[in-house]
Amino acid sequence: MLEKQKGLIVLEDFFKEAYQYTYKNQEDLLLQPFAEYEGVGATSLVWIYDGNDRYLLKKVNENEYTWLGELLSNKIAKFLHRPCATYRLATLEGKKVILSKDFLKEKETLILGVQIVQEVLNHYPYAKDNKIFSDEKFLELYAVPKNILGFDATLKNKYLHNNLNNLEQMWSILSLYCDLKKIPSDLIPSLMGSLTQTFLFDVYTFQADRHIQNWGFIQEKKGEQILLKPNILFDQAASFGLYNKDLDKRIKDVYDRLHIYQKFQTEKAKENFINILYKDRLLLTPSEDAIINAKSRKRQNNLQVFSYFLEVSSSEMRQKVEEEIEALEQHGMTNFLKEIMEENEITIDPNVVQYLETTFSYHLFYLKEKVKKYQRSR
């Protein structure tokens, strides 16, 4: 029923109409049969049942535009035909909240990237003795940089869960996971294909939060056999720089450097503008090469990471990427935002609209520039 609601959803009105319930506060809401509580403390979640489906209710901090990051990413995902969780904008107590439809069906579970990595590490022969970092086979298998061997145990483990978050290593790790779980290995190419599409989506949308707990595959049990289905996109709030708590400052910094670049047209001015445009770095990457410094988690900017991906990709993949960029360019950020405003019957701050139109335009231009460079070089 929530999916059929038009415009901005006022949850108090929905509760009244659907369940004859007058909302008082969240504590009282959780006592109702159509609400479900999951987790504890700051990480707790509230699920709302609308008679047909469950929706995760996610609060939005005041003055933040994370809700727009979710809706805009959702809109672009559908435009590019990427499987994506469904998001709706609503209000509760007069404040914006995001409703995320549960995309899992009966007998399905979401297996996060971190679970896959941990499962493989737990079954690695030396893991129980904590000797994995002294095993040359392990270091070679996971391309572990020698410089992290001097880190303390905590930093080493953080490294494994953060910096193995790349397509190159995940292919090896997923192969081992499938072997452990007796999952058909012929599923791996399609699974990695979906993860590659997630990486490209993150490139297009400036996604800055695709850590190893923010992507996963859908696991389904059929009798005694376990199957994995391709990744589905979810939790896109940290896109387009919209999660910044001081978005006004972020916008000012971008325009300051853009104006200097437009005025002087020097390589240094261009470099400074690109650095601020790609201040938020990709977390899911093609390979270990994206990591500049593992200890401080410094990464190359998104254009450099994208360039490496193009370098190792097939001509067919580069052609597909070029077509997607051109399609995004033709549709334009203006139309995406217009659709969001019309569907939700809201207005978006004109300064934020202009910022998104400007940054997206330059972003697509730079991406096309990289694609054409590699097309010419082949």
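Please refer to the structure placed before this passage.
Given the structure is predicted, the values throughout are model-derived calculations rather than measurements.

Thresholds, definitions, all that
Residues numbered from 1 in each chain as written. Predicted model: local features only at pLDDT ≥ 70, side-chain atom pairs only at ≥ 80, totals over all residues. Heavy atoms only, no water. Helix = DSSP H or I, 4+ residues; strand = E, 2+ residues; numbered from the N terminus. Buried < 20%, exposed > 50% of the residue type's maximum accessible area, 1.4 Å probe, protein only. Contact = heavy atoms within 4.5 Å. Arc of directions from axis to C-beta. 1 Å grid on protein atoms, 1.4 Å probe; cavity = no way out; pocket = protein on both sides within 12 Å on 5 of 7 lines; lining within 4 Å. Points joined across faces, edges and corners; volume = space filled by probe spheres on them. Nonpolar A, V, L, I, M, F, W, Y, C, P; charged D, E, K, R; others polar. Core = buried A, V, L, I, M, F, W, Y, C linked by side-chain atoms within 4.5 Å. Phe/Tyr/Trp six-rings, centres within 6.5 Å; stacked < 30°, edge-to-face > 60°. Lys NZ or Arg CZ within 6 Å of the ring centre and 35° of its normal. Salt bridge = Lys/Arg side-chain N within 4 Å of Asp/Glu carboxyl O.

The helix and strand inventory of the protein stands at 14 helices and 11 strands. Among the 378 residues that make up the protein, the fraction classed as buried is 51%. Within the protein, residue pairs in contact and separated by at least 24 positions form 67% of the contacts whose partners lie at least 6 positions apart.

Below, the discussion takes up helix α10 (residues 267-277). Three or more residues of α10 are buried, namely A269, K270, F273, I274, I276 and L277. Each buried residue of α10 lies within a common arc of 165° when the element is viewed along its axis, so the set occupies one face. Across from the buried face of α10, at angles greater than 90 degrees, the exposed residues are E267 and K268.

To continue, consider the layout of surface pockets. Take a probe with the size of a water molecule and roll it over the atoms, and the empty space left behind shows itself. Estimated volume of the largest pocket: approximately 1000 Å³. What lines the largest pocket is a set of 33 residues, among which L45, W47, L56, K58 and D235 lie closest to the centre. Broken down by secondary-structure element, the contributors of at least two residues to the lining of the largest pocket are β3 (45-49), β4 (54-59), α3 (66-79), β6 (95-101) and β7 (108-112). Class assignment of the residues belonging to the lining of the largest pocket gives a composition of 16 nonpolar, 9 polar and 8 charged.

This brings us to the nonpolar core. W67, L68, L174 and L356 are the most contacted members of the largest nonpolar core, which totals 87 residues. The element that contributes the greatest number of residues to this core is helix α14 (residues 350-377), accounting for 10 residues. Listed in part, the 18 residues of the second largest apolar core include I9, L11, L29 and F34.

With the rule as written, the count across this model stands at 19 aromatic pairs. An aromatic cluster is present here, built from F14, F15, Y19, Y21, Y23 and F34 joined pairwise through their rings. Sitting over the face of the ring of W47, R54 holds its NZ or CZ atom 3.9 Å from the ring centroid.

Residue position: S172 is located in helix α7 (residues 167-181). Residues S172 and I188 lie 16 residues apart in sequence; the distance between their C-alpha atoms is 9.9 Å.

Counting across every chain of the model gives 19 salt bridges. Here K101 and E3 are joined by a salt bridge, their closest N and O atoms 2.8 Å apart. Here K101, found in strand β6, pairs with E3, found in the segment before β1 (9-10); they are 98 residues apart in sequence, far enough to count as distant. Owing to a relative accessible area of 41%, E3 belongs among the partly exposed residues under this scheme. Two residues, K75 and E343, come together in a salt bridge whose shortest N-O distance is 2.6 Å. Of this pair, K75 sits in helix α3 while E343 is found in helix α13 (residues 333-344), placing the two residues 268 residues apart along the sequence. Looking at K75, the relative accessible area reads 16%, which means it is buried. Among the residues examined, E343 registers a relative accessible area of 46% and is labelled partly exposed. Salt bridges sharing common partners tie together E3, D53 and K101.

Read these as spatial facts, not as claims about activity.
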